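Coordinate analysis (summary)
Chain residues, written in single-letter form:
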Amino acid sequence: MTPLVVAHRGNSSVAPENTVAALVSAARAGAHLVEIDLQMTVDGVGVVFHDHPLGRTAAGSGLLRDLDLDGVARLEVGSWFDPVHSGTRVPLLADVLGVLARYDDLGLLLEVSGPWTAHALGHELASIADAGLAGRVIVQSFSAESLSLARDLAPELPRGYLTATWSDDVLETCTDTGSRWCNPRADLLEGGFGVVDAIHDLGLRTMVWTPNEPDGWAAALEAGADAIITDRPDRLLGWLAGT
Ligand code: G3P
Ligand code: CA
């Protein structure tokens, strides 16, 4: 079966990652899902931003999570990518849900990143159901603790466990957190572990991250991945159409 195409931080090869512009670009390209990273500010609000330290995509030093919402609102996250995007601000989850509401067939892969309180995460996840979008969102995390929290707070949202390593413990964590997805880094497919088959044997599905070239896409396809997370969703869609 043809894998789903997941736009990593939006269409992050053509617009600054984790911005509304990148999400809209991915939706227009026909991506099935957009992936975002959601971190909690010091005053307990979810903001869409990948790195933990400032400095790469936004000027500043220190950690994003040490800023309050006003501080995050002052960050500018477009000009590092291209001056044409200068003035771009960090989105909130509400902005992302607004994009979903505009594109009927678009799903959201929401990575819960960094530390969260139950109160703050509960507020963010409740906003998804409140917007009537619970059927279009998957929550993923590298943190088993965050996934367990998400399960307790919003059991209706499917979960995915992200992993950059491979062992039986990974499968155990997927099971323990009630995850429907187990999402390995692409290079794990080359290790002879039978990663995708092992995930499928548990009755789970898998998204492979983050191949950006045809040889990586071919490896994911050959292994039987259910979804491919990529910075180049437009190119992957074209490549899949030609296979
Ligand atoms: O969705 C997979 C991928 O986003 C995990 O790594 O560092 O890009 O958040 P990272
Ligand atoms: Ca991510």
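Every value quoted in this text rests on a predicted model; they were computed, and no experiment measured them. (Residues numbered from 1 in each chain as written. Chains lettered and ligands numbered in written order. Predicted model: local features only at pLDDT ≥ 70, side-chain atom pairs only at ≥ 80, totals over all residues.)

Judged by nonpolar contacts, the single largest core of 67 residues is most densely connected at Val6, Val34, Val96, Val208 and Ile228. Excluding residues within four positions of it along the chain, Val6 makes contact with Ala31, His32, Leu33, Glu35, Leu109, Met207, Ala227, Ile228 and Ile229. (Core = buried A, V, L, I, M, F, W, Y, C linked by C-beta atoms within 7 Å. Buried ≥ 20, exposed ≤ 12 C-beta atoms within 10 Å, placed from the backbone. Contact = placed C-beta atoms within 7 Å.)

Taken together, the neighbourhood of ligand 1 is formed by His8, Glu35, Asp37, His50, Glu111, Leu162, Trp209, Thr210 and Ile229. Each residue belonging to the shell around ligand 1 can be placed in one class, and the counts come to three nonpolar, three polar and three charged. (Near = placed C-beta within 6 Å. Nonpolar A, V, L, I, M, F, W, Y, C, P; charged D, E, K, R; others polar.)

This paragraph deals with helix α1 (residues 20-29). The complete set of buried residues in α1 reads Ala22, Leu23, Ser25, Ala26 and Ala27. Of the surrounding secondary structure, the elements contacted by the buried residues of α1 are β1 (4-7), β2 (33-40), α3 (93-102) and α9 (233-241). Where α1 terminates, the next one or two residues include Gly30, which has phi positive at roughly 100°. (Helix = DSSP H or I, 4+ residues; strand = E, 2+ residues; numbered from the N terminus.)

Within the fold, Met40 resides in strand β2. Linking Met40 and Pro115, residues 75 residues apart in sequence, is a C-alpha distance of 7.1 Å.

The next point concerns the confidence of the model for the protein chain. Interpretation of this model should avoid reading the predicted coordinates in detail wherever pLDDT is low. Here the protein chain shows a mean pLDDT of 98. Residues at 70 or above account for 100%. For this predicted complex, the interface score ipTM comes out at 0.99, alongside a pTM of 0.98. (pLDDT = per-residue confidence, 0-100.)

Moving on to unusual backbone geometry. Cis rather than trans, the peptide bond between Trp209 and Thr210 has omega equal to -10°. Inspection of the secondary structure assignment puts Thr210 in the loop between β8 (207-209) and α8 (214-223). The phi dihedral of Arg9 is positive, around 60°, even though this residue is not glycine. The residue Asn18 is not glycine, and still its phi comes out positive at about 55°. Within the secondary structure, Asn18 sits in the loop between β1 and α1. Residue Asn18 is classed as buried on the basis of its 27 C-beta neighbours within 10 Å.

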